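# Examination of the molecular architecture
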Amino acid sequence: MLSGMLLLAQDSEQTETKKAGIRFTGFVKSDYWYDSRQVVAAREDLFLLFPSSKRLDLNGEDINARPTFNYSAITSRLTGIISGPDAFGAETSGVIEADFSGVTNADINGFRLRHAYAKLRWEKSELLFGQYWHPMFVPEVFPNVISLNTGAPFQPFIRNPQIAYKHYSGDFNISLTLISQRDNSSDGPAGFSPQYMRNSLMPNAHLQLQHKTENHVWGLAADYKVLQPRLETPGRLKTNESIGSYAFMVYHKFRSDQFLWSAKTIYGQNLTEHLMMGGYAVRSFDELTMFETYTPTNHLNFWSFISYGNHVRLGLFGGFLKNFGTTHKNTGIYYARGHDIDYLYRLAPSVSFISNNVQISTELEYTAAAFGSPDQKGKVQNSEEIGNLRLLLTFFYFF
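A brief look at the structure comes next. Small disclaimer: the values here were computed from a predicted structure and weren't measured.

### Digging into the overall build of the protein
- Helix and strand content of the protein: two helices and 21 strands.
- The C-alpha radius of gyration of the protein comes to 24 Å, within 12% of the 21 Å expected for a compact globule of 399 residues.
- Sorting the 399 residues of the protein into buried and exposed places 46% on the buried side.
- The long-range share in the protein, meaning contacts at least 24 apart out of those at least 6 apart in sequence, stands at 64%.
- Of the accessible surface of the protein, which amounts to about 19800 Å², a share of 59% is contributed by carbon and sulfur atoms.
- Across the protein, 36 positive and 37 negative side-chain charges occur, with their mean positions spaced 1 Å apart.

### Quick notes on the packing of aromatic side chains
- Using the criterion set out here, one finds 25 aromatic pairs in the structure.
- Residues W133 and F157 carry aromatic rings whose centres are separated by 5.3 Å and whose planes lie at 75° to one another, so their mutual orientation is edge-to-face. Here W133, found in strand β8 (residues 125–133), pairs with F157, found in the loop between β8 and β9 (159–169); they are 24 residues apart in sequence, far enough to count as distant. Accessibility assignment for this pair places W133 and F157 in one class, buried.

### Let's talk about the side chain of S186
- Tracing the chain through its elements places S186 in the loop between β10 (172–179) and α2 (195–200).
- Residue S186 is classed as buried on the basis of its relative accessible area, which comes to 0%.
- One polar contact links S186 to Q181, side chain to side chain, over a distance of 3.0 Å.
- Among residues more than four places away in sequence, those in contact with S186 are Q181, G191, F192, S193, Y196, K225, L227 and E273.

### Digging into unusual backbone geometry
- Between A152 and P153 the backbone carries a cis peptide bond, its omega angle lying at 10°.
- Secondary-structure assignment places P153 in the loop between β8 and β9.
- Within the chain, N109 stands out as a residue other than glycine whose phi angle is a positive 80°.
- Inspection of the secondary structure assignment puts N109 in the loop between β6 (91–99) and β7 (112–121).
- Owing to a relative accessible area of 55%, N109 belongs among the exposed residues under this scheme.
- Positive phi, close to 50°, is recorded for T150, a residue that is not glycine.
- Considering the arrangement of structural elements, one finds T150 in the loop between β8 and β9.

### Digging into the pairing of strand β18 (residues 334–337)
- Neither face of β18 is open: one carries Y334 and A336, the other Y335 and R337, and all of them are buried.
- Bridge analysis of strand β15 (residues 278–285) against β18 gives four bridges, and the strand direction is antiparallel. Bridge pairing links A281 to Y334 in β18.

### Considering the pattern of salt bridges
- Across all of its chains, the model carries 15 salt bridges by this definition.
- In this structure, D99 engages R114 in a salt bridge whose closest nitrogen and oxygen atoms are separated by 3.9 Å. Taken together, the residues D99 in strand β6 and R114 in strand β7 connect sequence positions 15 residues apart. This pair shows no difference in class: D99 is buried, exactly as R114 is.
- R230 is the salt-bridge partner of E292, the closest N and O atoms lying 3.0 Å from each other.

### A short note on the environment of T79
- Structurally, T79 can be placed in strand β5 (residues 77–83).
- Considered as a pair, T79 and D62 are 17 residues apart in the sequence and their alpha carbons are 44 Å apart.
- Among the polar contacts listed, one links the side chain of T79 to the side chain of E97, at a separation of 2.6 Å.

### Regarding the nonpolar core
- If you look at the biggest cluster of nonpolar residues, it comprises 45 residues, and the most contacted ones within it are F47, F50, F157, M249, F317, I341 and L344.
- Residues contacting F317, with those up to four places away along its chain left out, are P143, V145, G151, F154, W303, S304, F305, R346, L347 and A348.
- Counting eight residues, the second-largest nonpolar core is a separate cluster that includes Y196, M197, V282 and Y294.

### Quick notes on the pairing of strand β13 (residues 243–256)
- Here strand β12 (residues 216–227) runs beside β13; their pairing, made up of twelve bridges, is antiparallel. Opposite V226, over in β13, you have G244 as the bridge partner.
- Where β13 lies against strand β14 (residues 259–269), ten bridges are found, and the strand directions are antiparallel. In the strand pairing of β14, F248 is matched with Y267.
- Between β13 and β14, which pair antiparallel in sequence order, lie two residues; one of them, D257, sits at a positive phi of approximately 55°.

### So, the side chain of D187
- Among the structural elements, D187 can be located in the loop between β10 and α2.
- R337 is the oppositely charged side chain nearest to the buried, salt-bridge-free D187, at an N-O distance of 7.4 Å.
- A distance of 3.4 Å separates the side chain of D187 from the backbone nitrogen of A336, its partner in a polar contact.
- Leaving out residues up to four positions away in the same chain, D187 has contacts with F192, Y196, T272, Y280, Y335 and A336.

How each quantity is defined
- Residues numbered from 1 in each chain as written.
- Predicted model: local features only at pLDDT ≥ 70, side-chain atom pairs only at ≥ 80, totals over all residues.
- Heavy atoms only, no water.
- Helix = DSSP H or I, 4+ residues; strand = E, 2+ residues; numbered from the N terminus.
- Rg over C-alpha atoms; globule rule 2.2 N^0.38 Å.
- Buried < 20%, exposed > 50% of the residue type's maximum accessible area, 1.4 Å probe, protein only.
- Contact = heavy atoms within 4.5 Å.
- Areas by Shrake-Rupley, 256 points an atom, 1.4 Å probe, with all protein chains shown as cover.
- Lys, Arg positive; Asp, Glu negative; His and termini not counted.
- Charge placed at Lys NZ, Arg CZ, Asp CG, Glu CD.
- Phe/Tyr/Trp six-rings, centres within 6.5 Å; stacked < 30°, edge-to-face > 60°.
- Polar contact = N/O pair within 3.5 Å; in protein donor to acceptor, adjacent residues only side chain to side chain.
- Pairing = 2+ DSSP bridges.
- Salt bridge = Lys/Arg side-chain N within 4 Å of Asp/Glu carboxyl O.
- Core = buried A, V, L, I, M, F, W, Y, C linked by side-chain atoms within 4.5 Å.

Now the structure itself:
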């Protein structure tokens, strides 16, 4: 009798032991779009940032005032959700996710890594290691627009190799993340490269406090990073000159039944790698030694998104950003995106029709940029507003 009970107990323990496994989800996605003029964008213009500035020919006509269209299925996605037995007294999980958009425009249709991370989850804490969204993206609060840009350049859009620790206390959690760069990287003398952060010997540090309830999510965060743009001057002299930059963020989301409202504000410096506006400029240049110092750009970013409905879902996105120039006077040499844009705004209404695994969506996205000439402190003067209207049609098949 006793031996039988022991066998039953052993069988029960073996049943409760979690087996390692993976299940796949994802979607097939096709995008079709029209732009009223040439644009600044990525992935064959699917990832739209803002309209191109005027480029005049010999007759004074704007070469960039030319409409364009395209079709694409490169963002079709495959996600592997991994489960396994407990380790170190924690529940374990992982994700590997990829799509076909490549790492650069030259790699379109290439199978590229989006996410690859594992988690250890204890009762009141969590450890994540691998590649995942930068914590300024905030997976719980982002604009659920139809466009691939997901609200950029008003909203961060970046995935990074990282180590993240999170502690839970009731409805609150606080997280500390140490981050490097890979596909999305900072601008500099050698172009876009993660080498500037690696040479600084200091990972991007991020601290965030979040509060979550059934209907609300809100949070605030601080972010700091250091770059070393050069190891040597153009005159072949060793240099250790670096540039530090910070960002502050606050956000909120409210959901009730079919209604959702979310918003985020970021004031930050040198946010190029987030596919946002900004970067830094050369503050001073010694003509004898060719030593440089640097000064960051400063931008205020805001977006808000509302949606309503289930099978028929209406959405409206609005975004605005303002360029406040560089912290110090500069020489006019920039390593930045949009340093000649005074302000930028976007309005994007959308409608989606959803039936089981199929979603058909359309979005009308108007983005306007005020181009001008930066003064000695990077503040843009005599700006002229230029707009682009994008009509987007997207088909999803989820599995």
